[in-house]
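Residue-level structural notes
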Protein chains: 2
Amino acid sequence: MKSQNSTAGMEIETGHRTASSDDPLPSWNEGAAKAAIIRFVRTTTDGASPDYVQAAERIATFDNDGTLWSEQPYYFQFAFAIDQIKARASRYPEWQDKEPFKSMLTGDAKSVLTGDQRELLQVLAATHFGMTTDEFEAEVRKWLASARHPRADRPYTDMVFQPMLEVLNYLRANDFKTFIVSGGGIEFMRTFAEQTYGIPHQQVIGSSGRLKFEMRDGTPVLLKLAEINFIDDYAGKPVSIQHHIGRRPIAAFGNSDGDLQMLQWTTGGKGAGFALLVRHTDAIREWEYDRESDIGRLDQALDEANAKGWTIVDMKNDWRRVFPFE
Amino acid sequence: MKSQNSTAGMEIETGHRTASSDDPLPSWNEGAAKAAIIRFVRTTTDGASPDYVQAAERIATFDNDGTLWSEQPYYFQFAFAIDQIKARASRYPEWQDKEPFKSMLTGDAKSVLTGDQRELLQVLAATHFGMTTDEFEAEVRKWLASARHPRADRPYTDMVFQPMLEVLNYLRANDFKTFIVSGGGIEFMRTFAEQTYGIPHQQVIGSSGRLKFEMRDGTPVLLKLAEINFIDDYAGKPVSIQHHIGRRPIAAFGNSDGDLQMLQWTTGGKGAGFALLVRHTDAIREWEYDRESDIGRLDQALDEANAKGWTIVDMKNDWRRVFPFE
């Protein structure tokens with residue numbers, strides 16, 4: 001077990017110093033959000049604190065899209081799906097006239113995102129079906145290595161939030177286990193989560209399609225079927241947390257209404273429960289959107305965060321730096 | 001990261017010494033099975049070996065019933081279900097005339113086990129529905145604290161295999177992550193796996209019922225529904241491994257036909273893949289059964305193990321000690 005970082009925490013909490021090498025969160029401006037994170041870690045890891053939590057129960061869950069990396073102009077996995085549909089279109093001529101494929105092929109992709117979520121996931125499943133899990137992983141890796149974010153003109157994995165990487169590291173240095181709990185595809189995220197976030201495959205939880213085990217010429221494969229297995233969003237998040245982790249998190253980080261139930265579950269237990277929402281308030285460095293957005297809508301969860309005193313990060317003011325490349 | 005235990009491994013592999021404090025597997029008699037385990041660990045953790053596997057990929061999966069603990073005269077979770085049905089019978093008078101409840105209430109419980117597996121799981125779900133996950137955990141803990149194995153007259157958690165506890169510890173000391181992948185109920189197993197096996201909740205994978213998130217007077221709960229979510233047996237095991245772990249194991253341990261696909265998947269990758277079957281050959285200290293047994297049938301998997309040279313443990317001859325209490 002690693003040692004506690006309580007000294008750094010105590011110094012910072014006084015608010016009288018600027019970032020130094022002892023600061024676990026150097027990309028955060030001093031303020032209520034940063035202080036709340038540090039106070040939470042200190043009180044749950046200090047054996048003398050009434051809120052002390054033993055290491056085995058230090059579970060922290062993070063949404064991915066909009067919480068650990070950007071999600072505009074649309075979810076990055078959706079950009080992957082568009083490219084996959086384009087690459088496979090010649091094999092499926094019926095897609096030319098069939099929605100939502102037609103829109104995705106003709107450039108009106110964003111309209112698909114305003115539709116039903118289950119339909120969208122069925123599209124994603126349809127673009128991946130018939131592949132083995134190994135083949136799918138290879139496709140994602142190839143795409144991530146070549147695709148560029150349309151505005152930033154950088155690899156998508158560059159679009160991660162430096163302040164959140166620091167939170168992940170800070171929690172792990174204090175013996176927390178960090179999990180992703182995302183509506184995104186579980187196998188899509190696992191191709192980069194380890195390298196990008198330091199989160200191993202078994203700590204990535206997401207939406208999934210059904211799989212089928214079969215033998216191909218004596219070699220076992222797992223085939224991806226065009227059927228939804230689980231949608232890991234809204235009330236699905238506490239359910240997937242229970243299935244995969246089997247413990248209630250003591251800290252949860254999200255950015256949209258899809259994270260509300262995860263935050264309710266995390267703060268609804270007996271002991272300490274920390275809930276944080278990232279608010280996209282920075283139209284210059286990132287994006288500005290909340291209650292009216294089709295992607296990452298933050299409305300009900302914002303009301304509940306305000307009512308319950310959850311930590312709300314104002315990206316524009318709380319983050320000294322947004323992306324690592326800045 | 002802990003240091004490798006290669007010295008102990010090398011000494012033992014020569015076969016010229018008996019158990020000592022350096023022996024990672026003191027309850028194993030010297031023989032092919034013990035040597036194979038030690039050789040596997042040594043070659044996958046020695047940086048100079050062509051079969052070296054980096055720590056992040058050292059995933060080992062274990063079946064539970066019949067592999068880590070006994071499963072006779074019937075699965076221990078089934079004993080729990082019988083006791084639950086008896087305790088709840090007054091509230092459900094229709095069970096008196098309705099199979100399989102009738103048999104379970106009148107003492108002919110074992111006949112239920114020869115029926116369809118899905119029916120059996122539906123019975124288990126039916127005995128647990130309507131509870132929250134927290135209430136269920138409390139019921140299991142209460143039962144485990146008081147119930148006694150009918151033959152051994154001991155708590156069920158005493159009926160674990162000492163040699164397998166040593167394998168778990170040996171693997172973990174060599175930076176393996178150990179997982180349970182069992183047809184048993186995921187939430188049932190999590191109540192004792194940490195204390196009994198040193199396996200944390202998030203590394204326990206099993207069959208599950210569906211869950212529903214809901215608010216009760218402002219407090220979030222997860223309610224157990226009377227519907228099957230996933231059956232983690234046979235071809236379900238590689239599927240659940242992919243969903244929960246997202247990596248192919250490099251070692252898998254089982255004892256019955258329900259483990260065959262997990263062993264095929266584990267040995268079907270590119271690198272080293274270790275497969276082991278525990279054979280119940282000891283009618284005196286434990287039980288003796290294989291091809292004809294309704295519980296833990298070992299038939300096809302035994303043929304395949306013989307054909308492919310997988311490690312087969314002959315409990316009677318390979319294990320110096322079976323249970324910790326001996």
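Anything mentioned here points back to the structure above.
So, here's what we can say about the structure. On a predicted model such as this, the values are computed, not experimentally measured, just so you know.

To continue, consider the relation of the copies chain A and chain B. Aligned on chain B, chain A shows an RMSD of 0.0 Å; the corresponding rotation is 180° and the shift along the axis is 0.0 Å. Such a combination of rotation and displacement between the chain copies is what one expects of a two-fold axis. Nearest to the rotation axis, the C-alpha of A:His244 is located 3.2 Å from it, this being the minimum over chain A. A share of 100% of interface residues in chain A that are also interface residues in chain B marks the association as one of identical surfaces.

Below, the discussion takes up unusual backbone geometry. The step from A:Glu99 to A:Pro100 runs through a cis peptide bond, and the omega angle for that step is 0°. Looking at the secondary structure, you find A:Pro100 in the loop between helix H3 (76-88) and helix H4 (101-106). B:Gln72 connects to B:Pro73 through a cis peptide bond whose omega is 0°. Among the structural elements, B:Pro73 can be located in the loop between strand E1 (59-62) and helix H3 (76-88). Despite not being glycine, A:Asp217 has its phi angle at roughly 50°, a positive value. Its location among the elements puts A:Asp217 in the loop between strand E3 (204-216) and strand E4 (219-230).

This brings us to the interface of chain A and chain B. Listed per partner, the contact involves 34 residues of chain A and 34 residues of chain B. Taken together, the two surfaces of chain A and chain B that pack against each other cover about 3,000 Å², and 57% of this comes from carbon and sulfur. Of all residues in chain A, A:Gln202, A:Phe213 and A:His243 bury the most surface against chain B, accounting for 22% of the area lost on that side. In this structure, A:Asp134 engages B:Arg248 in a salt bridge whose closest nitrogen and oxygen atoms are separated by 3.7 Å. Taken together, the links from chain A to chain B amount to 14 residue pairs in polar contact (both at pLDDT 80 or more). Here the side of chain A that touches chain B is built from residues that sort into 13 nonpolar, 14 polar and 7 charged.

To continue, consider the environment of B:Tyr170. Structurally, B:Tyr170 can be placed in helix H8 (residues 162-173). Separated by 147 residues in the primary sequence, B:Tyr170 and B:Asp23 have C-alpha atoms spaced 9.7 Å apart.

Residues and elements named next belong to chain A. Within strand E2 (residues 177-185), 7 of the 9 residues are buried, leaving the element largely enclosed by the surrounding structure. With 4 bridges connecting them, strand E1 (residues 59-62) and E2 associate as parallel partners. Residue pairing in the sheet places Phe-62 in a bridge with Ile-180 of E2.

We now examine the sheet that holds strand E7 (residues 311-314) of chain B. All names here are of chain B. Pairing is mixed in the open sheet, where 7 strands are placed in the order E4-E3-E2-E1-E5-E6-E7. At either end of the open sheet lies a strand with only one pairing partner, and these are strand E4 (219-230) and E7. Recorded for the sheet is a direction-independent mean angle of 30° between the axes of neighbouring strands. Here strand E6 (residues 274-279) pairs with E7 via 4 bridges, running parallel.

Quick notes on the rules
- Residues numbered from 1 in each chain as written.
- Chains lettered and ligands numbered in written order.
- Predicted model: local features only at pLDDT ≥ 70, side-chain atom pairs only at ≥ 80, totals over all residues.
- Heavy atoms only, no water.
- Least-squares fit on C-alpha atoms with pLDDT ≥ 70 in both.
- Contact = heavy atoms within 4.5 Å.
- Helix = DSSP H or I, 4+ residues; strand = E, 2+ residues; numbered from the N terminus.
- Buried area = accessible area lost by both parts, 1.4 Å probe.
- Salt bridge = Lys/Arg side-chain N within 4 Å of Asp/Glu carboxyl O.
- Polar contact = N/O pair within 3.5 Å; in protein donor to acceptor, adjacent residues only side chain to side chain.
- Nonpolar A, V, L, I, M, F, W, Y, C, P; charged D, E, K, R; others polar.
- Buried < 20%, exposed > 50% of the residue type's maximum accessible area, 1.4 Å probe, protein only.
- Pairing = 2+ DSSP bridges.
- Axes fitted to C-alpha atoms, helices over the stretch in contact; angles between N-to-C directions.

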